[in-house]
Amino acid sequence: MSVFRVDDARCNRCGICVRECPPRIIEMVEPKALPTTVKGEEERCIVCGHCVAVCPFEAISLDTMKPEDCAPVNRKLLPTAEQVELFLKSRRSVRAYQEKTVPHTVLAKLIDIARYAPSGHNAQPVHWLVVEDPREVRSLAALVIEWMNMLIRKSPRVVELFHFDKFVNAWERGEDRVLRGAPHVIVAHAQKDAALAQENCSIALTYLELAAYSLGLGACWAGYLLAASSSPALITALRLPGGHKCFGAMIVGYPKHEFRCIPLRNEPSIIWR
Ligand SMILES: Cc1cc2nc3c(=O)[nH]c(=O)nc-3n(C[C@H](O)[C@H](O)[C@H](O)COP(=O)(O)O)c2cc1C
């Protein structure tokens, strides 16, 4: 655990940190006592920093998280509900890209935002592979096509279901329907057996897709790359760290077209109680 410290001079004993701590390991033994961690429970701290972030007096610090290192929330900069609604509803999966690479700093910014995605127990298990070279993106797409070809030979039933023949035929005509001619691919990977690795990677990629839209980029889930990612050729090509597995991937680049309106979606199926 990260060592929990309270500045006696700053703390006004309001108890907010006690109420906000997710594993409830902060206590005030008496109403006006200084908050401390519950003896023997320190190991259950998930270092989420909520105690640091919620304290109105900047009285709390962890050895890995000082209040002065945490960016303040400037509420004046937050978008309105109407802006958020438009932003979320107008995000589209982008499948046509300009032949232009995205600067390294912008790709790094996407990940800098995505790392703030929620993760189970604040475990932050997501690691990233960013393919910056469009030629490597093409090679990955080619390997997915090879994997599809292998399945066409081995299991025609699967092919019928997923129309892999269409992807292969398009590829042979020079059209990449797998990674859509995007200049970049970003892979979210984690230890194979990390708890909730799939959920954590998917949520982080969802953040990344939204961050991409906010920065004038387009993105789209690369579902076929994920499907093929456990094939020997892709395992070799991805060169992920030992024990890691790809849990999701996204193509990224500058969109070629602008969406004019918001396409219709199903009415939600809801049970109200
Ligand atoms: C898990 C997942 C996998 C997907 N895989 C692909 C894919 O391999 N290729 C593709 O073109 N789109 C893929 N998509 C994008 C969906 O087709 C898209 O989200 C859907 O058609 C709705 O369009 P919208 O994202 O523009 O609202 C995927 C989406 C999700 C959530």
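Residues numbered from 1 in each chain as written. Predicted model: local features only at pLDDT ≥ 70, side-chain atom pairs only at ≥ 80, totals over all residues.

> Explain the domain arrangement of the chain here, please?
The extent of an interface is frequently quoted as the accessible surface area lost upon association of the parts. Domain boundaries assigned for the chain yield domain 1 (4-69) and domain 2 (85-253). Here domain 1 and domain 2 have C-alpha centroids that lie 39 Å from each other. (Domains from an automatic or database assignment.)

> Could you clarify how one ought to interpret the site of the ligand in this entry?
Arg92, Ser93, Arg95, Cys220, Trp221, Ala222, Gly223 and Tyr224 make up every residue found near the ligand. Where the shell around the ligand is concerned, the elements lending two or more residues are β7 (218-221) and α9 (223-228). A per-class count over the shell around the ligand returns 4 nonpolar, 2 polar and 2 charged. (Near = placed C-beta within 6 Å. Helix = DSSP H or I, 4+ residues; strand = E, 2+ residues; numbered from the N terminus. Nonpolar A, V, L, I, M, F, W, Y, C, P; charged D, E, K, R; others polar.)

> Could you clarify how one ought to interpret the packing of helix α4 (residues 104-114) against helix α8 (residues 197-214) in this entry?
The geometry of α4 relative to α8 is characterised by a closest axis approach of 8 Å and an angle of 130° between their N-to-C directions. Compared by their axis directions, α4 and α8 come out oblique. The element α4 and its partner α8 pack so that their crossing is right-handed. Listed contacts from α8 to Leu110, Ile113 and Ala114 of α4 are Ala204, Tyr207, Leu208, Ala211 and Ala212. (Axes fitted to C-alpha atoms, helices over the stretch in contact; angles between N-to-C directions. Parallel < 35°, antiparallel > 145°, perpendicular 65-115°, else oblique. Left-handed = near helix turned anticlockwise from the far one by under 90°. Contact = placed C-beta atoms within 7 Å.)

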